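# Coordinate inspection notes
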Amino acid sequence: MRLLATAALALAAQLAAAQDYPARELRSICNFAPGSGADILVRFYSDKLAKLAGKSVVVENKPGANGAIATGELARAKPDGYTLMMTPANSTIAAAPYLFKSLPFDTQKDFQAVTTIATLSFVLMVDAAKPIKSVDDLVKHLKTRPNDGFYGTSNNTGVIAAELFKHAAGLRTTYTPYKANPQALADLLQGQVDFLAYDATWAVGQVKGGRVRVLAATAERRSVAFPDIPTLGELGYGKNDVTAWWGVVVPAGTPRAVVERLAGWFNQITNQEDTRQFLARAAFDPFPGSPDQMSALLKSDAARWKSYVELAKIEPQ
């Protein structure tokens, strides 16, 4: 009886917390730099969340270490629902233990899944001024470079996509890490790196500006933003599905009632028609879910991405 009473009191406290939530502004951490595809998505959803929650949502960009700096910041936050992160969770959380020798967080214990929100294809791109018109052309070009040249990206999904491509093509191309997309683009246009592996959202803007040429998508299906661009699988460079899926996470220990309220708000946002139009323009596909569904997906993707890391022979940093 005493245990039941304690449990009932705890549940009542959680429900009371949820009824009063939120009582102040929320903090939305972004893994990547302002102006990136990630930043565009985070700011759109944060603005929508502010309207539903009735409180302002402050976006804080904390780029670096392929998303690990921001993820560590979230792990240290108070588990009260006032700090959250929208992130490509399969790469920044599920795959992180296999890409880093040490992490400032425990992917199994430090986070509570809220819900999935969207999926996003990645692409390989080159300088549009170069006479590289196809992936085969890129492979030929790289094999003329010392040690097969260099590629750049600023996130784990891009690393895995590029390394799996290297493995399929028999290349030794060296990975060059970046904190922000503009520097990666500048180095590509100056010939410091030979290709980039980035999200289709950011690639759309660079293609419109005439700066880059997209050669292939890294997902199982063609990107909604580039329907005429083939996948690496179609071109014979492996059959791996390297797609980023985005979800919302909060620190472990956040009251379940608060998690459920956040999940409801985010799914409401994702299902709005203007959100779906925004996602389509930004090369995303809507992917609503639930806390339990996202938790299960994190577990299954940890195993899948572990196999990708092993296949590509990626050495943890």
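Just so it is clear, the model here is predicted, and its values are computed rather than measured.

A few words on the overall build of the chain. Check the secondary structure of the chain and you find 12 helices and 10 strands. Summarising its shape, the C-alpha atoms of the chain cover approximately 75 × 40 × 30 Å along the three principal directions. Scored against the burial criterion, the 317 residues of the chain give a buried share of 54%. The contacts of the chain with a sequence gap of at least 6 include a subset with a gap of at least 24, amounting to 78%. Surface accessibility of the chain: about 13700 Å² in total, with carbon and sulfur atoms responsible for 54%.

Now for helix α9 (residues 200-208). Within the sequence span of α9, burial applies to A200, T201, W202, A203, V204 and Q206. Its buried side turned inward, α9 meets α2 (37-53), β4 (111-127), α8 (181-189), β7 (195-199), β8 (212-217) and β10 (284-286). Where α9 terminates, the next one or two residues include G210, which has phi positive at roughly 75°.

Attention now goes to the packing of α2 against helix α10 (residues 256-270). The geometry of α2 relative to α10 is characterised by a closest axis approach of 10 Å and an angle of 120° between their N-to-C directions. Here α10 runs oblique to α2, going by the angle between their axes. When the axes of α2 and α10 are compared, the crossing they make is right-handed. From α2, Y45, K48, L49, L52 and A53 reach across to α10, where they touch L262, W265, F266, Q268, I269 and T270. Per-class residue counts for the contact of α2 with α10 are 8 nonpolar, 2 polar and 1 charged.

Another point: the side chain of D127. Residue position: D127 is located in strand β4. Buried and unpaired, D127 has K130 as its nearest opposite-charge partner, separated by 4.2 Å.

Parameters and conventions
Residues numbered from 1 in each chain as written. Predicted model: local features only at pLDDT ≥ 70, side-chain atom pairs only at ≥ 80, totals over all residues. Heavy atoms only, no water. Helix = DSSP H or I, 4+ residues; strand = E, 2+ residues; numbered from the N terminus. Buried < 20%, exposed > 50% of the residue type's maximum accessible area, 1.4 Å probe, protein only. Contact = heavy atoms within 4.5 Å. Areas by Shrake-Rupley, 256 points an atom, 1.4 Å probe, with all protein chains shown as cover. Axes fitted to C-alpha atoms, helices over the stretch in contact; angles between N-to-C directions. Parallel < 35°, antiparallel > 145°, perpendicular 65-115°, else oblique. Left-handed = near helix turned anticlockwise from the far one by under 90°. Nonpolar A, V, L, I, M, F, W, Y, C, P; charged D, E, K, R; others polar. Lys, Arg positive; Asp, Glu negative; His and termini not counted. Salt bridge = Lys/Arg side-chain N within 4 Å of Asp/Glu carboxyl O.

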